[in-house]
Amino acid sequence: MFVGAVRGEGVSTVSREFARLAAVRASKPVWLIDADFTRQDQQHHLAQHPERFGRAGTRVTGSPDGSAFYTVRPPLMGADGEAVRPAKLLTAKPFLGRRLYSTRLELEALVAGQSPVVVPQADYWIALSQHADVVVVDVPSVDREDTALRLAPFMDDIVMVIGESASVTAPKAAKEQLQAAGGRVSGIVINKATYRAPRALEKMLG
């Protein structure tokens, strides 16, 4: 999972480029999960750069077994009056010759007053890991939403993305929150940096 302490650190770009690099080297598909439901722009950015990611393929389901890492509240109802499984809204498109899949939540299917809510359970991640070489998760910054904290216990590794001019205070607090939630912060990316990481940041993860 890639996450920033504050918004605007370039987390989506870093996670997208990491997913691309992993997909080029992987033996099985790499999945890029867009868990930033407010923006949902990963598929758009991939499609805008076919020279790097290839042309987008046909849309497929984003869940291998009908599980989901979110629910919809109030529940989405079908024309028959029955509740629709949340996973029905999660789709994916293949890129790089089906080596990279990027997900998107079909928010257009929701009506006024409905919204997706991340649920802290492992089912989706366990199911997807059986079909993927690497699963890369792009989440909103810690200061914007609690998605990262809800998902932290189910991630093998968490990488924090920090802007070049960022102070140490916010990243340090975010790291402590992620660890308190059960996550393992194992790396840091100084985005767009042109110099060695400040000793304070190195010490923060030490």
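Residues numbered from 1 in each chain as written. Predicted model: local features only at pLDDT ≥ 70, side-chain atom pairs only at ≥ 80, totals over all residues. Heavy atoms only, no water.

Some thoughts on the overall build of the chain
Looking only at helices and strands, the chain features seven helices and 10 strands. Expected size for 206 residues packed as a compact globule is a radius of gyration near 17 Å; at 17 Å, the chain falls within 12% of this value. The C-alpha extent of the chain, read off along each of the three principal axes, is 60 × 35 × 30 Å. Classification of the 206 residues of the chain by burial places 43% in the buried group. Counting contacts in the chain only where the partners sit at least 6 residues apart, residues at least 24 apart contribute 76% of the total. Roughly 10,500 Å² of accessible area belongs to the chain as shown, and the carbon and sulfur atoms make up 51% of that amount. Once the 25 positive and 22 negative side-chain charges of the chain are each reduced to a mean point, those two points are 5 Å apart. (Helix = DSSP H or I, 4+ residues; strand = E, 2+ residues; numbered from the N terminus. Rg over C-alpha atoms; globule rule 2.2 N^0.38 Å. Buried < 20%, exposed > 50% of the residue type's maximum accessible area, 1.4 Å probe, protein only. Contact = heavy atoms within 4.5 Å. Areas by Shrake-Rupley, 256 points an atom, 1.4 Å probe, with all protein chains shown as cover. Lys, Arg positive; Asp, Glu negative; His and termini not counted. Charge placed at Lys NZ, Arg CZ, Asp CG, Glu CD.)

A word on the pattern of salt bridges
The tally for this structure, following the rule as stated, stands at 10 salt bridges. Note that Asp-143 is salt-bridged to Arg-7, the shortest N-O span being 3.7 Å. Of this pair, Asp-143 sits in the loop between β8 (134-138) and α5 (147-151) while Arg-7 sits in the loop between β1 (2-4) and α1 (11-25), placing them 136 residues apart in sequence. Since its relative accessible area comes to 48%, Arg-7 is described here as partly exposed. In this structure, Arg-150 and Asp-146 form a salt bridge, with 3.1 Å as the shortest nitrogen-oxygen distance. By sharing partners, the salt bridges in this structure join Arg-59, Arg-104, Glu-106 and Glu-108 into a single network. (Salt bridge = Lys/Arg side-chain N within 4 Å of Asp/Glu carboxyl O.)

Comments concerning the packing of aromatic side chains
For the coordinates displayed, the defined rule picks out eight aromatic pairs. Relative to Tyr-101, the ring of Trp-31 lies with its centre 4.9 Å away and its plane at 10°, an arrangement referred to as stacked. Placement of the pair is Trp-31 in strand β2 (residues 30-34) and Tyr-101 in strand β6 (residues 100-105), with a sequence separation of 70 residues. Comparing Trp-31 with Tyr-101 shows no difference in burial state: the two are buried. Between the aromatic rings of Phe-37 and Phe-69, the centroid separation amounts to 5.9 Å while the plane-to-plane angle is 25°, which identifies the pairing as stacked. With Phe-37 in the loop between β2 and α2 (42-47) and Phe-69 in the loop between β3 (60-61) and β4 (70-73), the pair connects residues that are 32 residues apart, well separated along the chain. Taking relative accessible area as the criterion, Phe-37 reaches 10% and is therefore assigned buried. On the accessibility criterion, Phe-69 (0% relative accessible area) is buried. (Phe/Tyr/Trp six-rings, centres within 6.5 Å; stacked < 30°, edge-to-face > 60°.)

A few points about unusual backbone geometry
Residue Arg-73 is joined to Pro-74 through a cis peptide bond whose omega torsion reads -15°. Along the polypeptide, Pro-74 turns up in the loop between β4 and β5 (90-95). Unlike most non-glycine residues, Gln-40 shows phi in positive territory, near 50°. Here Gln-40 lies in the loop between β2 and α2. For Gln-40, a relative accessible area of 10% puts it in the buried group.

Topic: helix α6 (residues 169-180)
Here α6 contains 12 residues, and its C-alpha end-to-end distance of 17 Å stays within 8% of the 16 Å for a straight helix at 1.5 Å per residue. The set of residues buried in α6 consists of Pro-171, Ala-174, Lys-175 and Leu-178. End-on view of α6: buried residues confined to an arc of 105°, all on one side of the axis. In α6, the exposed positions that point more than 90 degrees away from the buried face belong to Thr-169 and Ala-180. Immediately downstream of α6, the backbone of Gly-182 shows phi near 105°, a positive value. (Expected span 1.5 Å × (residues − 1). Arc of directions from axis to C-beta.)

A closer look at the pairing of β5
Among the six residues of β5, five are classified as buried, and the element is accordingly described as predominantly covered. In terms of strand pairing, β3 meets β5 through two bridges, oriented antiparallel. Each bridged residue has a counterpart across the sheet, and for Val-60 the counterpart in β5 is Ala-92. Hairpin connection, β5 to β6: the antiparallel pair is bridged by four residues, and Leu-96 has positive phi, about 50°. (Pairing = 2+ DSSP bridges.)

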